[in-house]
Amino acid sequence: MSENIEKLKQENAEERPADLFRAFSENYRWENVPFLPYKEEGTAPFKAISRQVLFQNPELRCELRYFEVAPGGYSTLERHQHTHGVMILRGAADVLLGNQVRPVKTHDLVNIPPMTWHQFRTKGNEPMGFLCMVNVDRDRPQLPTEEDLLLLRSSDHAVAAFLSVY
Ligand code: MN
């Protein structure tokens, strides 16, 4: 069993009874759930995102996080071996997934396979929030090289337009 899982088991052993139930509150916050930055500043390009870890259970071997992207914001363009299961909870976005760009809206599902480039960009004036399920044990995301970006841009017109900000 990995160090990650052992560490989480220790943390969960100290779980307070109050954590069994955590109420949803204003502005898509949850009781007793820390409101965190998306990633450490300077580790990867992203804009205007917060992170809340809703479930982090070593028995499930997965985490469920809620990310929220402010208008004009975006997640990191990245790929990795681990996969994501995503459900949009509020707002709308364009999603780059592999060689395609698709619009998504509240309650849509996005399945992100291994080693597939992905990025979320908000659309409109509302925040875009999504649930993201991920394995507790996961590899470090890769960022695109100039060559990767060239390949992506040449794959499809919509992808090229999506990536015109780079
Ligand atoms: Mn990812």
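Residues numbered from 1 in each chain as written. Predicted model: local features only at pLDDT ≥ 70, side-chain atom pairs only at ≥ 80, totals over all residues. Heavy atoms only, no water.

Draft legend 1. Layout of the overall build of the chain. Scanning the chain from terminus to terminus reveals three helices and 11 strands. Relative to all contacts within the chain whose residues are 6 or more apart in sequence, the contacts with residues 24 or more apart total 65%. Carbon and sulfur atoms make up 52% of the accessible area of the chain, which amounts to about 9900 Å² in all. (Helix = DSSP H or I, 4+ residues; strand = E, 2+ residues; numbered from the N terminus. Contact = heavy atoms within 4.5 Å. Areas by Shrake-Rupley, 256 points an atom, 1.4 Å probe, with all protein chains shown as cover.)

Draft legend 2. Fine view of unusual backbone geometry. A positive phi angle, close to 60°, is found at N27, a residue other than glycine. Since its relative accessible area comes to 61%, N27 is described here as exposed. Positioned with a positive phi, Y28 is a non-glycine residue whose angle comes to about 55°. Within the fold, Y28 resides in the loop between strand 1 (24-25) and strand 2 (29-30). When its relative accessible area of 23% is taken as the criterion, Y28 is described as partly exposed. (Buried < 20%, exposed > 50% of the residue type's maximum accessible area, 1.4 Å probe, protein only.)

Draft legend 3. Seen up close, the environment of R22. Topologically, R22 is positioned in the loop between helix 1 (3-13) and strand 1. Overall, R22 belongs to the partly exposed group, its relative accessible area being 27%. Taking the C-alpha atoms as reference, R22 lies 8.1 Å from V33; in sequence the two are 11 residues apart. Filtering out sequence-adjacent residues up to four positions away, R22 remains in contact with W30, E31, N32, V33, V53, L54 and F55. Here the side chain of R22 touches D19 through a polar contact of 3.4 Å, landing on its backbone oxygen. (Polar contact = N/O pair within 3.5 Å; in protein donor to acceptor, adjacent residues only side chain to side chain.)

Draft legend 4. View of the packing of aromatic side chains. In the structure shown here, the tally under the stated rule is eight aromatic pairs. With centroids separated by 5.2 Å and ring planes inclined at 85°, the aromatic side chains of F24 and Y28 adopt a geometry described as edge-to-face. F24 gets classed as partly exposed once you look at its relative accessible area, which sits at 49%. An angle of 85° between the planes, with centres 5.5 Å apart, marks the rings of Y38 and F67 as edge-to-face. With Y38 in the loop between strand 3 (36-37) and strand 4 (47-57) and F67 in strand 5 (residues 62-74), this residue pair connects regions lying 29 residues apart in the sequence. Each member of the pair, Y38 as well as F67, is classed as buried. Among the aromatic side chains, those forming a connected cluster through ring pairs are Y38, F46, F67, F120 and F130. R29 extends its terminal NZ or CZ atom over the ring of F35, reaching a point 3.5 Å from the ring centre. Positioned over the ring face of Y74 is R121, at 4.4 Å from the centre of the ring. (Phe/Tyr/Trp six-rings, centres within 6.5 Å; stacked < 30°, edge-to-face > 60°. Lys NZ or Arg CZ within 6 Å of the ring centre and 35° of its normal.)

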